[in-house]
Amino acid sequence: MSQKADYADDAQIDESLDDQPDDETIAETVANLEANGFEVAVVDSAADALEAVQSRVPAGASVMNGHSTTLEEIGFAEYLSESDHEWESLPDRIWSIDDDAERQAARREAQTADYFLGSVNAIAETGELVAADRSGSRIGAYPFAADNVVIVSGVNKIVDDLDAALDRLESVAYPLENERAKDAYGVESAVAKQLIFRQELEEGRTTVVLVRERLGY
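A. Just the environment of Val43, in detail. As for its placement among the helices and strands, Val43 is situated in strand β1 (residues 39-43). Look at Val43 and you get buried, because its relative accessible area is 11%. On a C-alpha basis, the gap between Val43 and Val155 in space is 10.0 Å, while along the polypeptide they are 112 residues apart. Beyond its immediate stretch of four places on either side in the chain, Val43 contacts Asp48, Ala49, Ala52, Val209, Leu210, Val211 and Arg212.

B. Examining the pattern of salt bridges more closely. Evaluation of the coordinates by the stated rule reveals 10 salt bridges. Of the charged contacts, one joins Glu15 and Arg214 as a salt bridge, the two residues approaching to 3.0 Å between their closest N and O atoms. With Glu15 in the loop between α1 (5-8) and α2 (23-35) and Arg214 in the segment after β10 (206-211), this pair connects stretches of sequence that are 199 residues apart. Its relative accessible area of 42% is what places Arg214 among the partly exposed residues. Across the salt bridge formed by Asp23 and Arg212, the nearest N and O atoms sit 2.9 Å from each other. With Asp23 in helix α2 and Arg212 in the segment after β10, the pair connects residues that are 189 residues apart, well separated along the chain. Overall, Asp23 belongs to the exposed group, its relative accessible area being 54%. What emerges from the salt-bridge pattern is a single network uniting Glu15, Asp18, Arg168 and Arg214.

C. Examining the packing of aromatic side chains more closely. This structure, assessed with the given rule, holds 4 aromatic pairs. Geometrically, the ring pair formed by Tyr79 and Trp87 is edge-to-face, given 5.6 Å between the ring centres and 70° between the ring planes. The class for Trp87 is buried, based on a relative accessible area of 12%. Ring centres 6.1 Å apart and planes at 75° place the aromatic pair Phe116 and Tyr142 in the edge-to-face group. With Phe116 in strand β4 (residues 115-118) and Tyr142 in helix α8 (residues 141-145), the pair connects residues that are 26 residues apart, well separated along the chain. By the ring-pair criterion, three or more aromatic residues cluster together here, those being Phe76, Tyr79 and Trp87.

D. Up close: the sheet that holds β4. Strand order in the open sheet formed by 6 strands is β1-β10-β7-β4-β2-β3, with parallel pairing between adjacent strands. Where the open sheet ends on each side, the last strands, each with one partner, are β1 and β3 (88-89). One ladder, built from 6 bridges, connects strand β7 (residues 148-154) with β10; its direction is parallel. Looking at β10, one finds that Val149 is bridged to Thr206.

E. Region of the structure containing the side chain of Ser189. Examined against the element boundaries, Ser189 turns out to sit in the loop between α9 (162-185) and β9 (193-197). Judged by relative accessible area, which is 12%, Ser189 ranks as buried. With residues near it in sequence (within four places) discarded, Ser189 still touches Arg134, Tyr174, Glu177, Asn178 and Ala181.

F. Geometry of the pairing of strand β6 (residues 129-133). The buried fraction of β6 is high, at 5 of 5 residues. Judged by which residues are buried, β6 turns out to be covered on both faces: Leu129, Ala131 and Asp133 on one side and Val130 and Ala132 on the other are all buried. As judged from the 2 bridges shared by strand β5 (residues 122-124) and β6, these two strands associate in the antiparallel manner. Along β6, the bridge assignment pairs Ile123 with Leu129. Count of turn residues in the β5/β6 antiparallel hairpin: 4 residues, of which Gly127 carries a positive phi of about 105°. The pairing of β6 with β9 spans 5 bridges and is classified as antiparallel. Its bridge partner lying in β9, Ala132 is registered against Gln194.

Here is what the cut-offs are and how they apply
- Residues numbered from 1 in each chain as written.
- Predicted model: local features only at pLDDT ≥ 70, side-chain atom pairs only at ≥ 80, totals over all residues.
- Heavy atoms only, no water.
- Helix = DSSP H or I, 4+ residues; strand = E, 2+ residues; numbered from the N terminus.
- Buried < 20%, exposed > 50% of the residue type's maximum accessible area, 1.4 Å probe, protein only.
- Contact = heavy atoms within 4.5 Å.
- Salt bridge = Lys/Arg side-chain N within 4 Å of Asp/Glu carboxyl O.
- Phe/Tyr/Trp six-rings, centres within 6.5 Å; stacked < 30°, edge-to-face > 60°.
- Pairing = 2+ DSSP bridges.

This is how it looks when you write it as structure tokens:
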């Protein structure tokens, strides 16, 4: 399980875009996210975030997650694979497939899970979400494919506006993810596929769980 601290010493980041916002900023962000059609839950801790996720995913649902340091930090990735729950864990099924082509096809199919869990790289106070990926597997489900999306984020990812969110992606998230990718896969990462999630038009489809901790990148 990766942690942000594992890579922080090797990556040069803009610390000003990774600060803890004040309560007024969090409240304004929540109001703007809700105005843009996102459901929002604000919790105090990583443990509370895991409970918030557990309470939102019903028994019998198929569940997939994109790679997310935040999900690892709150314990969700381990919970999905190793704990006693009543969900269909799609990652477990995918990684049990030996054939590369079949496994890749299953990964694509999993984008249409009942619930897709992940995070983002930045949240604009003005109500937009920004995320990027090298392959697209982490963010492909967000716009449409999955029936429901749950995004978990530390409040340290909140920045002033969309321009600052794009800046955070390049100057905080990418350097850290690049170090992780080199360690995990032996290749550099890339901001190859980028998503600006401005609005959710389907009521109740996308929930943002904001954690009052410095989590993820």
